[in-house]
Structures are given as structure tokens and as C-alpha cells.
Amino acid sequence: MQRTTNLIKKFKILSVLSNSIFMVWAFSFCLTGFAQDIEKSIYITGNTWDTSNTEVLSQIIKESESAQNPTLLILGNAAPKTNFKNSIKKQLSLVKKLGKHVIFMPGNQEWSA
């Protein structure tokens, strides 16, 4: 009887140990075996109406040149209250490298014009 109890204990210990080893292996496989690739790079900015300082847009364009499938989202206030055509033209000339992957969303400045 004592021998059977010892065998059952050993079997339980081996079972827990093998389950633990399997879990560690499965976890490490998931970390390395299913690495995800970047499918799209999205750059988000706003308040780009002041075209005297285009550093942010220029940096986004520079970074997007090495990115996979880049898209630029400008979240409003891209146009000043006055002289908005020139401001938009300058911004479009900066972001034209992205082609059709630029999205302008209107903000307070655009709605008030």
C-alpha cells in the first residue's frame, strides 16, 4: 500500500513537471514563432496651420520614407483663419510624397471658415 502511494506521488510530480515544461515551451514558441510584422505605419498630428514652422511635417515625411505603408492623419486646424489657400498649398507640397495616404480631418479653424 505504501509503495502504491509513493508511486502515485511520483506520478503526480512528474505530471506537474511535464506540464510545466510544456507550458514554458509553448510560451517561448508563441513569442518567437508568431512574431508580427508591421503592416501599416500611421502618423498623427494636428494644428499644422502655422507654415512658418514645418518641422513636424518634415520629420513625419522623413520618417515615413523608411516606413511600411505610411499614412498621415492631420487632426484639424490645418488652415489658418486668413490666407488659408497658401497654407494648405504649402502643407500639400510637403506631404505629396505620401500620395493618397494623407487624411485631413476638419477642426475648429476649418469649421469656422
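Our structure's up above, just so we're on the same page.
If you're wondering where the values come from, they're calculated on a predicted model, not measured in any experiment.

Cut-offs used in this document
- Residues numbered from 1 in each chain as written.
- Predicted model: local features only at pLDDT ≥ 70, side-chain atom pairs only at ≥ 80, totals over all residues.
- Heavy atoms only, no water.
- Core = buried A, V, L, I, M, F, W, Y, C linked by side-chain atoms within 4.5 Å.
- Buried < 20%, exposed > 50% of the residue type's maximum accessible area, 1.4 Å probe, protein only.
- Helix = DSSP H or I, 4+ residues; strand = E, 2+ residues; numbered from the N terminus.
- Contact = heavy atoms within 4.5 Å.
- Pairing = 2+ DSSP bridges.
- Right-handed = clockwise from strand over helix to strand, strands pointing away.
- Expected span 1.5 Å × (residues − 1).
- Arc of directions from axis to C-beta.
- Axes fitted to C-alpha atoms, helices over the stretch in contact; angles between N-to-C directions.
- Salt bridge = Lys/Arg side-chain N within 4 Å of Asp/Glu carboxyl O.

Our focus in this paragraph is the nonpolar core. Residues Y43, L57, I60, I61, L72, I74, A78, V95, L98 and V102 constitute the largest nonpolar core, which totals 10 residues. At the level of secondary structure, the elements contributing two or more residues to this core comprise helix 2 (55-64) and strand 2 (70-75). Here this core gets 3 residues from one element, more than from any other, and that element is helix 2. V95 has contacts with L57, I61, L72 and V102, leaving out every residue within four places of it along the chain.

A few words now on the pairing of strand 2. The side chains of a regular strand alternate, residue by residue, between the two faces of the sheet. Of all 6 residues making up strand 2, 5 are buried, and the element is well covered by its neighbours. Relative to strand 2, strand 1 (residues 41-45) runs parallel, the two being bridged by 5 bridges. Opposite T45, over in strand 2, you have I74 as the bridge partner. Crossover handedness for the path strand 1 to helix 2 to strand 2: right-handed. In this region the chain leaves strand 2, passes through helix 3 (residues 84-95) and returns to the parallel neighbour strand 3 (residues 102-105); the handedness of that crossover is right-handed.

The next thing to look at is the environment of G99. Inspection of the secondary structure assignment puts G99 in the loop between helix 3 and strand 3. Along the primary structure G99 and T71 are separated by 28 residues, whereas in three dimensions their C-alpha atoms are 9.2 Å apart.

We now examine the pairing of strand 3. As defined by bridge partners, strand 2 adjoins strand 3 across 4 bridges and the pair is classed as parallel. Bridge pairing links L72 to V102 in strand 3.

On to helix 3. Helix length check: helix 3, at 12 residues, gives a terminal C-alpha distance of 17 Å against a target of 16 Å (1.5 Å per residue), a fit within 8%. Those residues of helix 3 not exposed but buried are S87, Q91 and V95. End-on view of helix 3: buried residues confined to an arc of 60 degrees, all on one side of the axis. In helix 3, those exposed residues whose orientation departs by more than 90 degrees from the buried face are K85 and K89. Buried residues along helix 3 sit against helix 2, strand 2 and strand 3.

Right, let's get into the sheet that holds strand 1. Spatial ordering of the open sheet is given by 1-2-3, a layout of 3 strands whose pairing is parallel. Looking at which strands have only one partner, the edges of the open sheet turn out to be strand 1 and strand 3. The sheet shows a mean angle of 15 degrees between the axes of neighbouring strands, direction not considered. Each of strand 1 and strand 2 touches helix 2; the most contacted strand, strand 1, lies at about 180 degrees to it.

Scanning the entire structure with this criterion turns up 1 salt bridge. Here K97 makes a salt bridge to E65, at a shortest N to O gap of 3.2 Å. Of the two residues, K97 is situated in the loop between helix 3 and strand 3 and E65 in the loop between helix 2 and strand 2; the sequence distance between them amounts to 32 residues. What makes K97 exposed here is its relative accessible area of 63%.

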